[in-house]
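Each chain, letter by letter, is given below.
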Amino acid sequence: MTLQIITPYSVQLGVVGAGTMGRGIALSALLNAMTVILYDISPAMLQSAHEYLRAHLERKGRLHTLANLTLTAQLEHLHGANVVIEAVPEDLELKQNLFARLDQICPPSTILATNTSTLSVTAIAAAAQTPQRVIGMHFFNPAPVMPLVEVIPAAQTADETVQAVLALAERLGKTPIVARDTPGFIVNRVARPFYGEALRLLGEGVASVEEIDRLVRLGAGFRMGPFQLMDLIGIDVNFSATQSMYEQTFGEPRYRPHPIQTRLIQQGHLGQKTGQGFYRYDLPTPADPPPPPILGGKGTIYLTPGSWAPSLATLCQKAGYQVVHHLPPDAVEISVAIAQAGTQEGLRQQLREMEHLLPTHIPIMCPCAEVTLAEALTWVSHKERLAGYDGLFFATGQMVTLVASSFLTPRTQEILGKFVRSLGRLPLWIEDSPALILPRLMCALANEAVFALQERVATADQIDLAMQLGANYPHGPLTWAKSLGYEKVVRVLDHLHAELGEERYRVAPLLRRWARLEQANL
Ligand code: NAD
């Protein structure tokens, strides 16, 4: 097999499907001096794709390249293309039929690529007589903007097909990353818990759509919250990706779809494209509130020693508080006491000590990523002054999660809310829930990334880069897990597993091994 790609000017790109992705890929190719033949069965889609391409090329001052575009409703017209990229709906049978026909129409030197998000490239390649030229080329939406292309060789794909497609992706101005042909490849797989856990948090009544999205943006630095993103992708599209992965893995619990999505689909609320999904798009979207000003708090914060002590102390000191790590016998007046310990036993001891040494009116904050507030309450007598907090994201986020129990007095809740605001953080009060919101989401993401790494879907660097380039994550989940400490991630997941009793929270064996090695190296 000899491939024909020599220079970008010689590339004749065939695109099958003129929908969201097909027209975006066509635009990228036209902007990179390629000739494009765009095919669709629907003349109306061809017409609207033409309008889209004209408008975008005009805006970029490149209208003259429209001369390099041919629109067709006849598949046979693709016979002269060097590469054909298929972007028809996510349906295996439909794609297999198309590849069988393309295989007949195009000479053996033509590369046949599929933009499937989750289907098996190997199964699609199997429909062709010459499967060695079939490969996955997975673009991200919007295709002209997003820099990532996942390149997925099928089991049958020839190495020269891989090399040619890597070169083509670069000529399209993209960063290609090779991924193994496994359900969801890298990005759609590793991102599954971002949606799945958010839907479960909503279903369990832990927080509202708006609260979860805002916390993910302001507390963890993501550009978009999970519900915003599902609305953008299309709830039906997001649901079928999850369902396809669930089916292909014969029921892996981490990919189990959630009924909240099916209910929205039944109502026709598919997200931005129908004007309503988790949000309504006929109403103005309220902007995130700015973080409160750092007020210059007065008083002394008692902070138990521990790994977060330096960052928490700096945060309090910046806001003007004095920080003490030991309680002197004639204790200075403490405003708020913050517990933080590496182990449950350590935390229990700290809370007991505080209870013994601190007057009963002083509020105590207990980290609740690995222990529920309900459990911590069983360790103390003065339950009315104990609140939970998310220690994992307290120092870094603009918004922090606080946990109230039914024992908590309104006065203590007010003092703690004011304290958090005085640090320049917005408080989000929730009821008790295992691993709260961000630790649950982020540790599940990290776990999925380690599973993918262990299954050799890609290297650690590639997985992290793919999540940043393909899903706009602020950092790679593996780097995040390393900086937090693998042991911590494992403890959060074990806590979720114990509390919720679901196999979806089982720890990736490699992650547990890393956590043990981390401990052995300490
Ligand atoms: P879409 O529904 O917007 O477009 C699909 C197009 O295919 C339509 O124009 C339709 O008329 C056409 N079509 C249907 N049957 C056809 C046939 N037999 N022959 C030719 N054309 C046919 O879909 P999309 O969102 O562009 O998705 C296309 C593919 O790209 C899917 O496999 C999807 O999983 C994948 N993908 C989608 C996104 C996304 O965010 N939308 C991102 C990455 C990958």
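Residues numbered from 1 in each chain as written. Predicted model: local features only at pLDDT ≥ 70, side-chain atom pairs only at ≥ 80, totals over all residues. Heavy atoms only, no water.

1. With respect to helix H10 (residues 235-248)
Where we set the bar: Here a strand is any run of E in DSSP of at least two residues, a helix any run of H or I of at least four, and the numbering for each starts at the N terminus. The span you would expect from a helix comes to 1.5 Å times its residue count less one. Only protein chains enter the accessibility calculation, which uses a 1.4 Å probe. A residue is then buried if its area is under 20% of the maximum for its type, exposed if over 50%, and partly exposed in between. Contact between two residues is taken to exist if any of their heavy atoms lie within 4.5 Å; hydrogens are not considered.
With 14 residues, H10 should cover 20 Å at 1.5 Å per step; its first-to-last C-alpha distance of 20 Å lies within 8% of that length. Among the residues making up H10, those that are buried are Ile235, Asn238, Phe239, Ala241, Thr242, Ser244 and Met245. Buried residues belonging to H10 abut helix H6 (187-190), helix H7 (192-203), helix H9 (226-233) and helix H11 (259-266). At the C-terminal side of H10, Phe250 shows a positive phi close to 55°.

2. Comments concerning the confidence of the model for the protein
Spelled out, the test is: The pLDDT value expresses, per residue, how confident the predictor is, ranging between 0 and 100.
In the predicted model, the protein carries a mean pLDDT of 94, and 98% of its residues have values of at least 70. Low pLDDT (under 50) marks residues 2-6, which in the prediction has 16 contacts with non-local residues, meaning those over four places away or in another chain.

3. Some remarks on the sheet that holds strand E4 (residues 83-86)
The criterion, for reference: Pairing between strands is defined by DSSP: at least two bridges between them are needed. All axes here are fitted lines through C-alpha atoms, helices being fitted over the stretch that makes contact, and every angle between N-to-C directions spans 0 to 180 degrees.
Pairing is mixed across the open sheet formed by eight strands, whose spatial order is E3-E2-E1-E4-E5-E6-E7-E8. With partners counted over all chains shown, the strands left at the sheet margins are strand E3 (69-72) and strand E8 (175-178), one partner each. Going from strand to strand, the sheet's axes swing by 25° on average, the running direction of each strand aside. With four bridges connecting them, strand E1 (residues 12-16) and E4 associate as parallel partners. The residue of E4 that forms the bridge with Val15 is Ile85. Strands strand E2 (35-39) and E3 of the sheet are contacted by helix H2 (residues 43-59), whose axis makes an angle of about 165° with E3. Set on the sheet, helix H17 (residues 460-471) makes contact with strand E7 (148-153) and E8; between it and E8 the angle comes to about 135°.

4. Brief notes about the sheet that holds strand E11 (residues 334-338)
Taken in spatial order, the seven strands line up as E10-E9-E11-E12-E13-E14-E15 in an open sheet, and their pairing is mixed. Looking at which strands have only one partner, the edges of the open sheet turn out to be strand E10 (322-324) and strand E15 (426-431). Across this sheet, the average inter-strand angle for adjacent strands is 30°, counted without regard to direction. Two strands pair when backbone bridges link them, and strand E12 (residues 364-367) and strand E13 (residues 386-389) are joined in this way by four bridges, in the parallel orientation. Looking at E13, one finds that Met365 is bridged to Ala387. Where helix H8 (residues 209-220) meets the sheet, its contacts fall on strand E14 (399-404) and E15, and the angle it forms with E14 comes to roughly 130°. Taken strand by strand, helix H13 (residues 344-357) contacts strand E9 (300-303), E11, E12 and E13, and its axis lies near 175° from that of E12.

5. Here's the deal with the packing of helix H1 (residues 20-31) against H2
Convention followed: For classification purposes, an angle smaller than 35 degrees is called roughly parallel, one larger than 145 roughly antiparallel, one from 65 to 115 roughly perpendicular, and anything else oblique. The hand of a helix crossing depends on one turn: near helix anticlockwise from the far one by less than a right angle means left-handed, and clockwise means right-handed. Three categories are distinguished: nonpolar for Ala, Val, Leu, Ile, Met, Phe, Trp, Tyr, Cys and Pro, charged for Asp, Glu, Lys and Arg, and polar for the others, with Gly belonging to the last.
At their nearest, the axes of H1 and H2 sit 10 Å apart, and the two run at 40° to each other. Regarding the angle of H1 to H2, the classification is oblique. The way H1 lies across H2 gives a crossing that is right-handed. On H2, the residues that touch Arg23, Gly24, Ala26, Leu27, Leu30 and Leu31 of H1 are Met45, Ser48, Ala49, Tyr52, Leu53, His56 and Leu57. Class assignment of the residues belonging to the contact of H1 with H2 gives a composition of nine nonpolar, three polar and one charged.

6. Some words on the packing of aromatic side chains
Aromatic rings in a pair are described by how distant their centres are and how their planes are angled relative to each other. Cut-off, in case you're wondering: A pair of Phe, Tyr and Trp rings is counted when the ring centres sit within 6.5 Å of each other, with Trp represented by its six-membered ring. The angle between the planes then sorts it: under 30 degrees is stacked, over 60 is edge-to-face, the rest tilted. When the NZ atom of lysine or the CZ atom of arginine is within 6 Å of a ring's centre and also within 35 degrees of its normal, the charge is said to sit over that ring.
Counted according to the given criterion, the structure contains nine aromatic pairs. Their ring planes at 70° and their centres at 5.9 Å tell us that Phe194 and Tyr195 sit as a pair that is edge-to-face. In terms of burial, Phe194 and Tyr195 fall into one category: buried. An aromatic cluster of three or more residues is present, and its members are Phe194, Tyr195, Phe222 and Tyr473. Directly above the ring of Tyr52 sits Arg23, whose terminal nitrogen or CZ lies 5.7 Å from the centroid. Just above the ring of Phe451 sits the side chain of Arg254; from NZ or CZ to the centre is 3.9 Å.

7. With respect to the packing of H17 against helix H18 (residues 477-484)
Taken N-terminus to C-terminus, the directions of H17 and H18 make an angle of 110°; their axes are 7 Å apart at the nearest point. Here H17 is positioned roughly perpendicular relative to H18, judged by the angle of their axes. Only Pro477, Leu478 and Thr479 of H18 make contact with H17, whose side of the interface consists of Ala460, Ile463, Asp464 and Met467. Its residues assigned to classes, the contact of H17 with H18 comprises five nonpolar, one polar and one charged.

8. Some points on H7
Compared with the 16 Å implied by 1.5 Å per residue over 12 residues, the 16 Å span of H7 between its first and last C-alpha is a close match. A large share of H7 lies buried, amounting to 11 of its 12 residues. Of the positions making up H7, those classed as buried are Arg192, Pro193, Phe194, Tyr195, Gly196, Glu197, Ala198, Leu199, Arg200, Leu201 and Leu202. Where H7 is buried, its residues meet H6, H8, H9, H10, H11 and helix H16 (438-454). Remark: Gly205 follows H7 within two positions and exhibits a positive phi of approximately 75°.

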